[in-house]
Amino acid sequence: MASSARLVQLGVFGAAQGVRGEVRVKSFTADPKAIGGYGVLTDESGARAFRFESVRPLRDDMLVVRVAGVTTRNAAEALTGVQIFARRDQLPPPAADEFYYDDLVGLTAVTTDGAPLGRVVALRNYGGGDILEIAPVAGGETLLLPFSKTVAPEIDFAGGRIVVAPPREIDGEAPPPSP
C-alpha cells in the first residue's frame, strides 16, 4: 500500500462565493460533501493547511465551503486554483477487494511472462476511461494503457507489482485487417 505521507488530491478551490470569504470547491471524492470529513487538508507542498468549517452543495461535484481563517472575498479569491490534498492515512481503508488508484503509483509493472515493463507513475482519466501511465525501464515516453482487468489482470500490493498484458497494437503489432 501507499506511504501514509503520500498526498492524495481530493479537490481544487474555485472562485470566491459572495463577499464573506466562502469559496467554491470542486470535489473529487465519490460523495462530494465527504471532502469536509477528512480533517485538516493541505496544498500540494503541505505548507498551507485548510480546515473546512462548513460545506454545502452548490451543484453536482461543486461545493461552497467556509475555510477557517478565510473571512473576506479577497482571501477567498487568493485560493482560486489551489489544489486540495489529504495524506493517504486520512482516507478510510478500502475493502479487501478494493484499492485507491493512488496506491497503484510506484508499483513495478511486469508483463504476464514476468519481464519488467516499468513503474506506474499515474492513473489518469481524460473522459474516455481510466488510463494507466507507466514509465518504461529503458526510459523514453511513458506507456499509456487502458486500465481494465484485461490489460491489468493482477495487482499484487504485497509484492509491489502489477501484471500488465498490453493490447496488441501497443506491442507494435498492427491490428488484424478488417474484412
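Our subject is the structure listed above.
First, a word on scope: everything that follows refers to the structure included in this document. Just so we're clear, the structure is a prediction, and the values are computed from it rather than from any experiment.

Scoring rules and cut-offs
Residues numbered from 1 in each chain as written. Predicted model: local features only at pLDDT ≥ 70, side-chain atom pairs only at ≥ 80, totals over all residues. Heavy atoms only, no water. Pairing = 2+ DSSP bridges. Helix = DSSP H or I, 4+ residues; strand = E, 2+ residues; numbered from the N terminus. Axes fitted to C-alpha atoms, helices over the stretch in contact; angles between N-to-C directions. Salt bridge = Lys/Arg side-chain N within 4 Å of Asp/Glu carboxyl O. Buried < 20%, exposed > 50% of the residue type's maximum accessible area, 1.4 Å probe, protein only. Polar contact = N/O pair within 3.5 Å; in protein donor to acceptor, adjacent residues only side chain to side chain. Core = buried A, V, L, I, M, F, W, Y, C linked by side-chain atoms within 4.5 Å. Contact = heavy atoms within 4.5 Å. Phe/Tyr/Trp six-rings, centres within 6.5 Å; stacked < 30°, edge-to-face > 60°.

1. Some thoughts on the sheet that holds strand β12 (residues 154-156)
Paired through backbone hydrogen bonds, the strands of a sheet run either parallel or antiparallel to each other.
Thought 1: Spatially, six strands are ordered β11-β10-β9-β8-β13-β12 in an open sheet, and the strand pairing comes out mixed. Among the strands making up the open sheet, the edge pair consists of β11 (143-146) and β12. Averaged over all pairs of adjacent strands, the angle between their axes in this sheet comes to 35°, without regard to strand direction.
Thought 2: The pairing of strand β8 (residues 108-111) with strand β13 (residues 161-164) spans four bridges and is classified as parallel. Along β13, the bridge assignment pairs Val110 with Val163.

2. A word on the pattern of salt bridges
Thought 1: Tallying each qualifying case throughout the model produces eleven salt bridges.
Thought 2: The partner of Glu22 in a salt bridge is Arg66, with the nearest N and O atoms 3.8 Å apart. Taken as a pair, Glu22 in strand β2 (residues 22-27) and Arg66 in strand β6 (residues 62-67) lie far apart in primary sequence, 44 residues in all.
Thought 3: Residue classification places Glu22 among the buried residues on the basis of a relative accessible area of 14%.
Thought 4: What emerges from the salt-bridge pattern is a single network uniting Glu22, Arg56 and Arg66.

3. Some remarks on the environment of Gln90
Thought 1: Mapped onto the elements of the fold, Gln90 is located in the loop between β7 (83-87) and β8.
Thought 2: Each C-alpha atom of the pair Gln90 and Ala15 lies 26 Å from the other, and the pair is 75 residues apart in sequence.
Thought 3: Separated by 2.7 Å, the side chain of Gln90 and the backbone nitrogen of Arg87 make a polar contact.

4. Re the nonpolar core
Thought 1: Within the largest apolar cluster, 21 residues are counted, with the highest numbers of intra-cluster contacts made by Leu10, Phe13, Ile35, Leu41, Phe52, Val65 and Val67.
Thought 2: Those elements giving two or more residues to this core turn out to be β1 (7-17), β2, β6 and β7.
Thought 3: No other element matches β1, which puts four residues into this core.
Thought 4: Those residues in contact with Leu10, other than ones at most four positions away along the chain, are Lys26, Ser27, Phe28, Thr29, Ile35, Tyr38, Leu41, Ile84, Phe85, Ala86 and Leu91.
Thought 5: Counting residues in each nonpolar core, the second largest holds 14 residues, with Leu123, Ile134, Phe147 and Val164 among its members.

5. Some details on the packing of aromatic side chains
Thought 1: By the definition in use, this model includes six aromatic pairs.
Thought 2: An aromatic cluster is built from Phe99, Tyr101, Phe147 and Phe157, whose rings are joined through pairwise contacts.

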